[in-house]
There are 2 protein chains.
Amino acid sequence: MSASKKILLSESEIPRNYYNIQADMPNPMLPPLHPGTKQPIGPQDLAAIFPMELIKQEVSQERWIEIPDEVREIYKMYRPTPLYRAANLEKLLDTPAKIYYKYEGVSPAGSHKPNTAIAQAYYNKMEGAKRLTTETGAGQWGSALSFACSKFGLGCEIYMVKISYDQKPYRKIMMNTWGAEVIASPSTRTNSGRKILEQDPNSPGSLGIAISEAVEKAATTEGTNYSLGSVLNHVLLHQTIIGLEAEKQLALAGDFPDIVIAPFGGGSNFAGISFAFLRHNFQEGKNVRCIAVEPASCPKLTKGEFRYDFGDTAGLTPLIPMYTLGHTFVPEPIHAGGLRYHGAGAIISQLLKDKLIEASAVPQLECFEAGVKFAKTEGIITAPEATHGIAQVIREAQKAKVEGKQKTILFNLCGHGYFDMSAYQAYFNGELVDHELTHEELYSALEALDTPKIN
Amino acid sequence: MSASKKILLSESEIPRNYYNIQADMPNPMLPPLHPGTKQPIGPQDLAAIFPMELIKQEVSQERWIEIPDEVREIYKMYRPTPLYRAANLEKLLDTPAKIYYKYEGVSPAGSHKPNTAIAQAYYNKMEGAKRLTTETGAGQWGSALSFACSKFGLGCEIYMVKISYDQKPYRKIMMNTWGAEVIASPSTRTNSGRKILEQDPNSPGSLGIAISEAVEKAATTEGTNYSLGSVLNHVLLHQTIIGLEAEKQLALAGDFPDIVIAPFGGGSNFAGISFAFLRHNFQEGKNVRCIAVEPASCPKLTKGEFRYDFGDTAGLTPLIPMYTLGHTFVPEPIHAGGLRYHGAGAIISQLLKDKLIEASAVPQLECFEAGVKFAKTEGIITAPEATHGIAQVIREAQKAKVEGKQKTILFNLCGHGYFDMSAYQAYFNGELVDHELTHEELYSALEALDTPKIN
């Protein structure tokens, strides 16, 4: 009957720097390659669609990168976000483990995504961009960027996968409310879109197609840049503010984590909470276990191959050194849309390769069961993506009970589930099933790859 | 490009008492009457469905009523809520007015409703209730009570107006997720429901029918009580925590309001933000203008009559001294479902009668226009109910500009609009129109009343 403890910081304690893990990684990530020449790409290859400051951040070796005052000001709308001790969940699990969660669902867009959207909008604005393009699936990232662009007076043009555009109108209206233009993709606005529509006028679209459209529009339009919500190094960098805040909040509670957990799609959520703690591993020899949790239906970290692959389905982006299931891999339509991505960002892939982080794959039903337990004990109904983290937390807490060890577990609660109630409905109605991937389903896209291997 | 300033309190500053305005009202409210005898009701008339502590609060003359520690503990999940200075909205309006808003949308249920739901669940639990019933329309109140019951291990049985149950499933799933049972009303569970279904098996239901079912179930079931989300004095009392916090936060900013504004449905939102400031009017002769904002389509405060009327459509509740349009008044299906109620609570009606508060009626289109302005400047997409407050704020800020006066305006932002995006969609699509009520539409329910008049 008690509430879980909330640990707050004052606004003056919002971090003044992002933490750049590239400064501390034992082995640097491998360079992205130009898709044509297969040679490492340079800044000039990206200048058509990104501002120079973000290109610099992409490869910077500086440990701390200052957060501009203007960005910190916007962060103050919702940051510092609260850290909670999940006392009621602990009680339900009857575990000796202490469970903390950082809650990023308090942002206006409802997830951690604005942390990088605001920074990206700022740097673009500073370098003269008038408009940003991006792609979005279910709409989490698109709404974050719409919000950020509205704060900086930038135009925002969002290519939304057509089937989501038709079936999930509410995120679209949210983007419209913040002033963004939302276009069902494939569209007639771009060559990429027109080409698809010629072949299939009823194409439902895909994230890959939407990326192609957004990139093409940015590359061919003066004053328009492109923005991405995960995978890239600068995106992960901006999200480190989550873990840096959590570190201060845990210190207020006199605590430090043994285990840090986050759901894994492209890496922004996981990097956000874990990099600040990996830093202690690298710098002080601590041994914080950082666990990335992916859906069992899209197991790139646990069952994928570490090799070069494209970031998009169409194969237009630079080749990235990543754990991948192949860029043509089509995950099942699970409800955690934000985790249905074929590959992992370069930094995280390198960390996993070097066994500096762990990965876990969790089936969907276990995730929803965990999410409902969490709602009933902690009161927050979370996004399906976030339930993956909770499921892993429960696994670790149960393990701590069996072993009789008092572990401190921290996880990132990346967003609320207010736009995902139909997923909970399907779960309650027994409409969800777990399906074990066949070898063919899992590996056919990988086997079809002809991109460069890594020894 | 800057963010609006957020003013926070620490958890230790959560008020320790609710403010009971009945201690300070120049004229006390008139007593509710028994529907049969037309005599003032006593505690025993309510004991079948309410715990004694809430019945006491209903008529208490104590100025301060202590908030139980257990309730304050649960409040800490989301309280103190932030107060924002709406600097960007001020800039857009180019007004000399300072605009502040208290944001109650940060609660797990997404509105101010948990403030009383938690308290009611607590008092019921303490007096041995095992289960609570209530009615809900669109679902704001039902989800708040579901959340509160889950925190205290109480069963929760919610009669949801059938048309909302069918058309707006997401709030229902939210209640299910917290463990509540949600029943489409009219149902076969109660005599009231069965009677309606006999007459019309396809009845879409109404809030009045749902109230009848929930009250009947509580009155006839051992261990089951009934809970209401607005109108009653104890509900308004619990909401005063909003204004008491806002008062402290404004003091931190060195400020005090000239004008306090809130949307008006049954009174809980308005009472929540305004009573703490009316106290200064009553005790110190200050002159804070408190403005209740109702939809032009349901103008009980500005065009209703002050007389005794029933709280429900069916006429089963005690007779309440209220500004009313008649308990059979059927408002247009506007999107601010929480404001579609025929009458005002007894305390607020008395205050309005005594000209101690003001009322304003605002048409729907002006409200949505205000809501979109707010989302673009302040970043928060609000519930349609909340846009009524914003519209009035804009009116007052524009007036301040014309008059060249620096007013301080405070309003209560009662909830987010994540479950209301279809309303914004209808607005963007031009599907909403403002309709001026004819004399017949406005007054036929009032003219049909045979309840006691008040001189």
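Our subject is the structure that appears above.
Residues numbered from 1 in each chain as written. Chains lettered and ligands numbered in written order. Predicted model: local features only at pLDDT ≥ 70, side-chain atom pairs only at ≥ 80, totals over all residues. Heavy atoms only, no water.

Trainee: So what's going on with the packing of helix H12 (residues 268-284) of chain B against helix H14 (residues 346-353) of chain B? Residues and values would help.
Mentor: Residue and element names in this part refer to chain B. Look at H12 against H14: their axes get within 13 Å of each other, and the N-to-C directions meet at 45°. It follows from the interaxial angle that H12 and H14 lie oblique. As H12 packs across H14, the resulting crossing turns out to be left-handed. Two secondary-structure elements touch here, H12 through Phe270, Ala271, Phe275, Leu278 and Phe282 and H14 through Ile347, Ile348 and Leu351. Classifying every residue of the contact of H12 with H14 by side-chain character gives 8 nonpolar, no polar and no charged. (Axes fitted to C-alpha atoms, helices over the stretch in contact; angles between N-to-C directions. Helix = DSSP H or I, 4+ residues; strand = E, 2+ residues; numbered from the N terminus. Parallel < 35°, antiparallel > 145°, perpendicular 65-115°, else oblique. Left-handed = near helix turned anticlockwise from the far one by under 90°. Contact = heavy atoms within 4.5 Å. Nonpolar A, V, L, I, M, F, W, Y, C, P; charged D, E, K, R; others polar.)

Trainee: Break down the interface of chain B and chain A for me, citing the residues and quoting the values.
Mentor: Contacts between chain B and chain A engage 49 residues on the former and 49 residues on the latter. In this structure, the connection of chain B to chain A is made through 2 salt bridges. With a closest N to O distance of 3.9 Å, lysine 6 of chain B and glutamate 11 of chain A form a salt bridge. Run the count over chain B and chain A and you get 14 residue pairs in polar contact (both at pLDDT 80 or more). Here the side of chain B that touches chain A takes 7 residues from helix H8 (residues 169-177) of chain B, the largest share from any one element. (Salt bridge = Lys/Arg side-chain N within 4 Å of Asp/Glu carboxyl O. Polar contact = N/O pair within 3.5 Å; in protein donor to acceptor, adjacent residues only side chain to side chain.)

Trainee: I'd like a rundown of the sheet that holds strand S8 (residues 181-185) of chain A, residues and numbers included.
Mentor: Residue and element names in this part refer to chain A. Spatial ordering of the open sheet is given by S8-S7-S6-S9, a layout of 4 strands whose pairing is parallel. Strands at the two margins of the open sheet, each flanked by one partner only, are S8 and strand S9 (224-226). Ignoring which end each strand starts from, the neighbouring axes of this sheet average 25° apart. The pairing of strand S6 (residues 131-136) with strand S7 (residues 155-161) spans 6 bridges and is classified as parallel. (Pairing = 2+ DSSP bridges.)

Trainee: Hey, could you go over the nonpolar core for me, with residue numbers and the actual values?
Mentor: Buried together is how nonpolar side chains tend to be arranged in soluble globular proteins. Phe275 of chain A together with Phe275 of chain B are the most contacted members of the largest nonpolar core, which has 217 residues in total. With 8 residues, helix H11 (residues 233-252) of chain B is the largest single contributor of residues to this core. (Core = buried A, V, L, I, M, F, W, Y, C linked by side-chain atoms within 4.5 Å. Buried < 20%, exposed > 50% of the residue type's maximum accessible area, 1.4 Å probe, protein only.)

Trainee: A description of the side chain of histidine 388 of chain B should follow, citing residues and the corresponding values.
Mentor: Along the polypeptide, histidine 388 of chain B turns up in helix H16 (residues 384-403). With near-sequence residues (within four places) excluded, histidine 388 of chain B lies in contact with Pro263, Val293, Glu294, Pro295, Ala336, Leu339, Val362 and Cys367 of chain B.

Trainee: Explain the relation of the copies chain B and chain A to me, using residue names and the numbers behind them.
Mentor: Superposing chain B onto chain A takes a rotation of 180° combined with a translation of 0.0 Å along the rotation axis, leaving an RMSD of 0.0 Å. Between the two chains, the operation in question is that of a two-fold axis. Both copies present the same face, since 100% of the interface residues in chain B are matched by interface residues at the equivalent positions in chain A. (Least-squares fit on C-alpha atoms with pLDDT ≥ 70 in both.)

Trainee: An account of the sheet that holds strand S7 (residues 155-161) of chain B is requested, with residue identities and associated values reported.
Mentor: Residues and elements named next belong to chain B. If you walk across this open sheet you meet the 4 strands as S8-S7-S6-S9, and the pairing is parallel. Since the sheet does not close on itself, it has two edges, and those belong to strand S8 (181-185) and strand S9 (224-226), each with one partner. Ignoring strand direction, the axes of neighbouring strands in this sheet form an average angle of 25°. As paired strands, S7 and S8 are joined by 5 bridges and run parallel to one another. Looking at the pairing, tyrosine 159 lines up with isoleucine 183 of S8. Docked against the sheet, helix H10 (residues 207-219) engages strand S6 (131-136), S7, S8 and S9, running at close to 170° with respect to S6.

Trainee: Provide a residue-level description of the packing of aromatic side chains, including the pertinent values.
Mentor: In this description, an aromatic ring pair is defined by two values, namely the gap between the centres and the angle between the planes. In the structure shown here, the tally under the stated rule is 35 aromatic pairs over all chains. When the ring of phenylalanine 50 of chain A is compared with that of tyrosine 226 of chain A, the centres are 6.0 Å apart and the planes differ by 55°; the resulting orientation is tilted. You can see phenylalanine 50 of chain A sitting in the loop between helix H1 (43-46) and helix H2 (52-59) and its partner tyrosine 226 of chain A sitting in strand S9, a full 176 residues away along the chain. Between phenylalanine 264 of chain A and phenylalanine 270 of chain A the ring centres are 6.2 Å apart and the planes differ by 65°, which places this aromatic pair in the edge-to-face class. Note on accessibility: phenylalanine 264 of chain A and phenylalanine 270 of chain A belong to one class, buried. Across from the ring centre of tyrosine 100 of chain A, 5.7 Å away, lies the NZ or CZ of arginine 85 of chain A, which sits over that ring. Lying across the ring of tyrosine 165 of chain B, lysine 172 of chain B places its NZ or CZ 4.0 Å from the centre. (Phe/Tyr/Trp six-rings, centres within 6.5 Å; stacked < 30°, edge-to-face > 60°. Lys NZ or Arg CZ within 6 Å of the ring centre and 35° of its normal.)

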